[in-house]
Amino acid sequence: MTNFSIENLKKEIEGFRREIRAEKIGRVVEIGDGIARIYGLAEVGANEMLEFESGGGSVSGIAFNLEEDTVGAIILGDYTNIKEGDAVRSTGRVLSVRVGEELIGRVIDPLGNPLDGRGPIFNASSQEVFYPAERPAPSVVHRESVNTPLHTGIKSIDAMIPIGRGQRELLIGDRQIGKTSIAVDAIINQGRDTKYQTPICIYVAVGQKESKIAQIVATLKEAGAMEYTIVISAPASFPASLWYLAPYAGCAIGEYFMYQGKDALIIYDDLTKHAWAYRELSLLLRRPPGREAYPGDVFYLHSRLLERASKLSKDKGGGSLTAIPIIETQLGDVSAYIPTNVISITDGQIYLEPELFYQGIRPAVNVGLSVSRVGSAAQTKAMKRVAGKLRLELAQFRELAAFAQFASDLDESTRKRLARGRALTEILKQGELEPMPFEKQVALIFAGTQGFFDDVTVLEIAEKGRGFLEYLERLHRKEILDEIKNSGELNSKLEEKLKSVVEDFFTMNQV
């Protein structure tokens, strides 16, 4: 028995392999408000993932402030179980997001966890692909100019403030005047715009009410848009660290599809709350406050995010990432700190004016203050042809309307211009969740700019416009609408055909 035990012991000793593993472990010296100060992680990198060992299990964090003696970290999740003295390990990898086709149609949090109750997103056979939440924007040589339209289905935007694939177009205005509605309409219209490839849409909700996010998801499902949409939700109940992370996580997912050669559209709703979250984290980490208590690098916070939207060159696959950030203003003040920052980063802005909204002009787009720096390069030739006259007519109307209210007697020419301007303003009105295909927009705007609605009373213009489109679709769709849609042009021959149809309709329906 003794010999047998000794033999066994010898075998055990022979089979023993000593492994020495060096591991740097830090300790929490201060914790509170989602921020931890850690001592002992001297070699940790900026934005490196950290693992906190707490009583309630493991919690993730990011190394945010690298100071002389300590590391300031933001905690991604529940920090209530972390206490002073707990161990912290560095993981050796920067903050990354798992990406893949499986995310399409799902609602997730900024860390990639499902929030829609439909179980795990990735299965065992799924390929593990991680994209860093922050990465350098594509360089100038890897980009090409924006030349393909991204139709929103909103008449006033597609005609006068066109958005191209790879552009960054800001949606700005006060609260509750339709910014999110325009963004949701744009997502829904992507599935209906059959002329171009349907982009993968990513909706990032930062600091919104959970009920509002649920309502948006339900609307997208009902319209069939969730088949190509990913929703990233960081609602008001989430900590500021996840508000901060959400836009970067969404951008990383969008970049995955862009580098696959596909088109992607990302909506940040909204970056004002994102800046608030960054201000909160920075002040808790005792970074020096600047204007409006924001830290000095708040411009860089948004520039490094929005610059990642681009149209890649053919050598890089030709994919695109279009960004539509949303900014909320206070009492229409576009000269505040965050609005001016984001205006200077983006390729134009769509300004929604409260006064127009309360007058019943919806969407309340102020065409005078809105601009697209890509311009007609991202428009079809047909839309370009009718939109030039539209913008001119509306500009003249705005100028005359300001003076006409003080004048009792107007000459015939002025009265005609005012009538045309009122008619075009009515034509551009649009209900919520009613995006319109671009070929119908071209036909309707053409009829308006040719003066066919001038003699129609303001109250009847909307109904008359609907009747005209139904007439056009029912009797002449193959001839005209499909030709505009397929060719994207409105040549002289087609224009004559369209004018003839418009005249027939208005002759049949004399006012």
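In this report, we go over the structure that sits alongside the text.

Scoring rules and cut-offs
- Residues numbered from 1 in each chain as written.
- Predicted model: local features only at pLDDT ≥ 70, side-chain atom pairs only at ≥ 80, totals over all residues.
- Heavy atoms only, no water.
- Core = buried A, V, L, I, M, F, W, Y, C linked by side-chain atoms within 4.5 Å.
- Buried < 20%, exposed > 50% of the residue type's maximum accessible area, 1.4 Å probe, protein only.
- Helix = DSSP H or I, 4+ residues; strand = E, 2+ residues; numbered from the N terminus.
- Contact = heavy atoms within 4.5 Å.
- Pairing = 2+ DSSP bridges.
- Axes fitted to C-alpha atoms, helices over the stretch in contact; angles between N-to-C directions.
- Salt bridge = Lys/Arg side-chain N within 4 Å of Asp/Glu carboxyl O.

**A word on the nonpolar core**
Turning to step 1, where the next piece is worked out: Counting residues in hydrophobic clusters, the biggest one holds 74 residues, and the most contacted among them are L220, F453, F468 and L490.
Turning to step 2, where the next piece is worked out: For this core, the leading source of residues is helix α13 (residues 458–487), giving eight residues.
Turning to step 3, where the next piece is worked out: Non-local contacts of L220, meaning those with residues more than four positions away in its chain, are made with V184, I187, I188, A225, M226, T229 and V231.
Turning to step 4, where the next piece is worked out: Residues I108, I121, A249 and L306 belong to the second largest nonpolar core, which totals 63 residues.

**Some points on the sheet that holds strand β10 (residues 170–173)**
Turning to step 1, where the next piece is worked out: Across the sheet, which stays open at both edges, the eight strands sit in the order β8-β12-β11-β13-β14-β10-β15-β16 with mixed pairing between neighbours. Strands at the two margins of the open sheet, each flanked by one partner only, are β8 (107–108) and β16 (371–372).
Turning to step 2, where the next piece is worked out: Both strand β11 (residues 200–206) and strand β13 (residues 263–269) contribute to a ladder of six bridges, which runs parallel. Within the sheet, the bridge partner assigned to A205 lies in β13 and is D269.
Turning to step 3, where the next piece is worked out: Taken strand by strand, helix α3 (residues 179–192) contacts β10, β11, β12 (229–234), β13, β14 (320–328) and β15 (348–352), and its axis lies near 150° from that of β10.

**Here's the deal with the sheet that holds strand β1 (residues 25–32)**
Turning to step 1, where the next piece is worked out: Pairing is antiparallel in the closed barrel, where six strands are placed in the order β1-β2-β5-β4-β3-β6. Strand-to-strand twist in this sheet, taken as the mean axis angle between neighbours without regard to direction, amounts to 45°.
Turning to step 2, where the next piece is worked out: Two strands pair when backbone bridges link them, and strand β3 (residues 48–54) and strand β6 (residues 87–94) are joined in this way by four bridges, in the antiparallel orientation. Opposite E51, over in β6, you have R89 as the bridge partner.
Turning to step 3, where the next piece is worked out: Those strands touched by helix α5 (residues 240–259) are β4 (57–66) and β5 (70–76), and its axis lies near 80° from that of β5.

**Comments concerning the environment of I157**
Turning to step 1, where the next piece is worked out: Mapped onto the secondary structure, I157 falls in helix α2 (residues 155–160).
Turning to step 2, where the next piece is worked out: For I157, a relative accessible area of 1% corresponds to the buried category.
Turning to step 3, where the next piece is worked out: The sequence separation of I157 and A87 amounts to 70 residues, and the corresponding C-alpha distance is 54 Å.
Turning to step 4, where the next piece is worked out: The residues contacting I157, other than those within four sequence positions of it, are T152, P162, I163, I182, I350 and V365.

**Observations concerning the pattern of salt bridges**
Turning to step 1, where the next piece is worked out: Enumeration over the complete set of coordinates arrives at 24 salt bridges.
Turning to step 2, where the next piece is worked out: Salt-bridge contacts for R168 lead to E307; the nearest nitrogen and oxygen are separated by 2.9 Å. Of this pair, R168 sits in the loop between α2 and β10 while E307 sits in the loop between α7 (298–306) and β14, and the two are 139 residues apart along the sequence.
Turning to step 3, where the next piece is worked out: Judged by its relative accessible area of 10%, R168 is buried.
Turning to step 4, where the next piece is worked out: Note on E307: relative accessible area 32%, which makes it partly exposed.
Turning to step 5, where the next piece is worked out: Salt-bridge contacts for R420 lead to D454; the nearest nitrogen and oxygen are separated by 2.8 Å. Of the two residues, R420 is situated in helix α11 (residues 412–427) and D454 in the loop between α12 (438–449) and α13; the sequence distance between them amounts to 34 residues. Neither residue differs from the other here; R420 and D454 are each classed as buried.
Turning to step 6, where the next piece is worked out: Residues participating in the shared-partner salt-bridge network are E30, R37, E67 and R286.

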